Amino acid sequence: MDDLTVTCVDRGRVQADRSFVVDGHSVATASDRNPEHKYETYVVWNLVIETPEMTVLWDTGSHPEAGDGYWPTPLYEAFAHVDAAEHTLSADLETAGYTIDDIDAVVMSHLHLDHAGGLHNFAGTDVPVYVHREELPYAYYSANTDEGSIAYLASDFDRDMNWEIVHGDSYHLTDGVELLHLPGHTPGLMGAFIDRPEQPLLVVGDEAYVEANYAGQSMATSLLWNNGAWKESLERCRDRQRATGAEVLLGHDLAVFEDVSGAAD
């Protein structure tokens, strides 16, 4: 579509051990009982997708108080969003040329705390917030019991939101924007196929944190809801890329984000 644009919004840096991101990266063996660990820097990002029908925000990033006690200490110790306080959603949108009021709809790829922390900006408004049918109940279940995933915070999403529920494997959001159900990392993870005029963009998101994941090396089991579903979703993404020649945007790979956004130019 000639009148569709995608703007990448840089939401700051997370630091974590690569072993969380690439399963088995640092594994002790009989001959190497103290393997070297890599503590790396990853990116948090959002997108603004502008179409003739609507301006869409993809995800909302981390809460700005993530490092000031808003995130539980064990989670922050594992994945430290070191500059969250410097990256409020409103300020980062302004840097990209937008305001909160410009947003007509929000798409939540999933409701983990590094993606849903800015939802409070849309609480009590009529802005529709799209989330997959399989994600919302699992998020509430996880946030309010001792089971499920610890990466959901009820305070991020248990608000007066105008939820729009996405069903099925594929959902037509608007001309040029197709939402894709990619279960594995979470039950209701969504990616997107965006038909940009210069080259399609395949938003893989947290289906693959980094390029090694996209090549087939899974994240650590703590980051996967279902390993079998993750593998099936990965093949679906690869098939779509091969069929369309789309550029791929991964979940937290800084080099890939800089390449897609042009930040490294």
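Calculation notes
- Residues numbered from 1 in each chain as written.
- Predicted model: local features only at pLDDT ≥ 70, side-chain atom pairs only at ≥ 80, totals over all residues.
- Heavy atoms only, no water.
- UniProt positions renumbered as here; feature names shortened; annotations may be inferred.
- Buried < 20%, exposed > 50% of the residue type's maximum accessible area, 1.4 Å probe, protein only.
- Helix = DSSP H or I, 4+ residues; strand = E, 2+ residues; numbered from the N terminus.
- Pairing = 2+ DSSP bridges.
- Patch = residues over 30% accessible without salt bridge, like charges linked within 9 Å, V, L, I, M, F, W, Y side chains within 5 Å.
- Areas by Shrake-Rupley, 256 points an atom, 1.4 Å probe, with all protein chains shown as cover.
- Salt bridge = Lys/Arg side-chain N within 4 Å of Asp/Glu carboxyl O.
- Lys, Arg positive; Asp, Glu negative; His and termini not counted.
- Charge placed at Lys NZ, Arg CZ, Asp CG, Glu CD.

- As annotated in an unreviewed UniProt entry, the protein carries the name Metallo-beta-lactamase family hydrolase and is attributed to Haloarcula vallismortis ATCC 29715.
- Looking at the Sequence similarities (unreviewed entry) heading of the UniProt record, one finds this comment for the protein: "Belongs to the metallo-beta-lactamase superfamily."
- Annotation of the protein in UniProt includes, under Cofactor (unreviewed entry), the sentence "Zn(2+)".

## Notes on the pairing of strand β2 (residues 39–50)
- In terms of residue burial, β2 counts as a mostly covered element, since nine of its 12 residues are buried.
- By the bridge criterion, 11 bridges tie strand β1 (residues 5–17) to β2 in an arrangement that is antiparallel. The residue of β2 that forms the bridge with valine 6 is isoleucine 49.
- Sheet topology note: the β2/strand β3 (residues 55–58) ladder contains four bridges and is antiparallel. Residue pairing in the sheet places leucine 47 in a bridge with tryptophan 58 of β3.
- Between β2 and the antiparallel strand that follows it, β3, lie four residues.

## Quick look at a negative patch on the surface
- Together, Asp2, Asp3, Glu53 and Asp175 give the surface a local cluster of negative charge.
- With respect to the helices and strands, the residue aspartate 175 is situated in the loop between β8 (170–174) and β9 (177–181).

## Side note on the UniProt feature "domain: Metallo-beta-lactamase" (unreviewed entry) in the protein
- Taking the UniProt record as the reference, the feature "domain: Metallo-beta-lactamase" (unreviewed entry) is found at residues 43–252.
- Structurally, residues 43–252 comprises 25% helix and 24% strand, and the distance from its first C-alpha atom to its last is 5 Å.

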